[in-house]
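Close look at the chain arrangement
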Amino acid sequence: MYDADLVLYHIGQLIVQDGQKPLYGAEMKELNTLENACLAIKDGTIVWIGKGDQYREWKAKNMLDCEGRFVSPGLVDPHTHLVFGGSREHEMSLKQQGVPYLEILSRGGGILSTVKITRETTEDELFAKSYRHLDRLLSYGVTTVEAKSGYGLDHDTELKQLRVAKRLNDKHPVRVISTFLGAHAVPRAYKGREEEFLTYMTELFPQIKEERLADFVDIFCETGVFSVEQARTYLKQAIEAGFRVKLHADEIDPLGGAELAAELKAISAAHLVGSTHVGIKRLAQEGVIACLLPGTSFYLGKTSHAKARTMLEADVAVALATDFNPGSSPTENLQLIMSIAAIQLKMTTEEIWNAVTINAAHAIGAGERAGSIGVDRQPIW
Ligand code: IZC
Ligand code: ZN
């Protein structure tokens, strides 16, 4: 008899894949499963995977009969704006009247309305609110999540958001990986002085690094927010300060954000609704993971979506995320996003599953620990 803490048996189908690297293009078509499987976990590590009745050789405090169910790695949500004050329900009627997202922002609403209320919300209130959002993410099967700052746009509030994310990672069972998005919008006081604002945000880099408050630096590269040139300068400074970088790219207008992501060898680039064929090709060449957020196109009432099939044919590694935020994607339901990916992006079940496990984990540098099941993996950390 072998000893374990937990044994799962009578698993109908177990996803077993080598998650050491992202899956590119056609590689995403395969989802390896083991039928009638069983596995053992000891000291937080998967120590054995077997078949049929072999589990009878194992003794554990917890023996869990899965009754033929499908067992997947915990899902990974690689792009959220988890920590924010208030909501944006009051902007729904503007949206229904057809006022575009960037127009609401330029009138001081949208991201800037969430900035105002996030500044007024205490760290403890933000923690309690975000904790509930994480509970809801977990209820949809998400066990690892990326959380961005970006609703402070001043030093104190950005640090407050990042500290909340760190505390959530310590206290909540879901793992939280943090990204600094101080370059999310231009505050009113800096209108027309975007470069100055970006310099002000770079001043936080050393402290964020020292206190390990974020692994990544991100920027919203979009018409009326930050240009490609501004994003290039800012992200190069982030790289020099020791961060890996990401971009919100080509969400609304095709500015060339995908090309910039490739040039800077970003770990991932998000949205990419307007990306050109050249941009898509460049993502594939540089191995930048395309993080698609079809919930955002849905909630913004768009009829066009990211060209997932073109990306897959071009050998891009595709990941999917909720983009959970109070404005353009107010949902923690990653399974809804998976359904939209099937219906609107025409991704297959296997591609979608790989996009919310292995590729999502690699999009946030967590591929070593999340997104796949195998011997020596640690499902809980
Ligand atoms: O609060 O609107 N796109 N940032 C860039 C977002 C969406 C989040 C928001
Ligand atoms: Zn976003």
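Remember, it's a predicted structure, so these values are computed and weren't measured experimentally.

About the cut-offs
- Residues numbered from 1 in each chain as written.
- Chains lettered and ligands numbered in written order.
- Predicted model: local features only at pLDDT ≥ 70, side-chain atom pairs only at ≥ 80, totals over all residues.
- Heavy atoms only, no water.
- Donors = N, O, S within 2.8 Å, 3.2 Å for Na, K, Ca; no water.
- Buried < 20%, exposed > 50% of the residue type's maximum accessible area, 1.4 Å probe, protein only.
- 1 Å grid on protein atoms, 1.4 Å probe; cavity = no way out; pocket = protein on both sides within 12 Å on 5 of 7 lines; lining within 4 Å.
- Points joined across faces, edges and corners; volume = space filled by probe spheres on them.
- Nonpolar A, V, L, I, M, F, W, Y, C, P; charged D, E, K, R; others polar.
- Helix = DSSP H or I, 4+ residues; strand = E, 2+ residues; numbered from the N terminus.
- Lys, Arg positive; Asp, Glu negative; His and termini not counted.
- Salt bridge = Lys/Arg side-chain N within 4 Å of Asp/Glu carboxyl O.
- Polar contact = N/O pair within 3.5 Å; in protein donor to acceptor, adjacent residues only side chain to side chain.
- Contact = heavy atoms within 4.5 Å.

On to the coordination of the zinc ion (ligand 2), then. Each protein donor to the zinc ion (ligand 2) is listed here as His79 (NE2), His81 (NE2), His248 (NE2) and Asp323 (OD); together their distances run 2.0 to 2.7 Å. Take His79: its relative accessible area is 2%, and that puts it in the buried class. The buried category is assigned to His81, whose relative accessible area is 3%.

Let us look at the layout of surface pockets. A water-sized probe, rolled over the atoms, reveals where empty space remains. There is about 330 Å³ of room inside the second largest pocket. Lining the second largest pocket we find 15 residues, and of these Asn169, Val176, Arg212, Ala214 and Asp215 sit closest to its centre. Partitioning the lining of the second largest pocket into residue classes produces eight nonpolar, two polar and five charged.

Relative to the assigned elements, Glu251 resides in the loop between strand S10 (244–249) and helix H9 (257–263). Within the buried core, Glu251 has no salt-bridge partner, and the shortest N-O distance to an opposite charge, that of Lys302, equals 7.4 Å. Here the side chain of Glu251 touches His271 through a polar contact of 3.1 Å, side chain to side chain. When near neighbours in sequence (up to four residues on either side) are disregarded, Glu251 contacts Phe220, Glu222, His271, Val273, Thr296 and Leu300.

On to the environment of Val225, then. Positionally, Val225 belongs in the loop between strand S9 (216–221) and helix H8 (228–240). Taking C-alpha positions, Val225 is 20 Å from Arg88, a pair spaced 137 residues apart along the chain. Those residues in contact with Val225 that sit more than four places away from it in its chain are Leu102, Leu105, His184, Ala185, Val186, Glu194, Phe220 and Gln230.

Next up on the list: the side chain of Thr114. On the secondary structure map, Thr114 appears in helix H3 (residues 111–120). Assessed through its relative accessible area of 0%, Thr114 is described here as buried.

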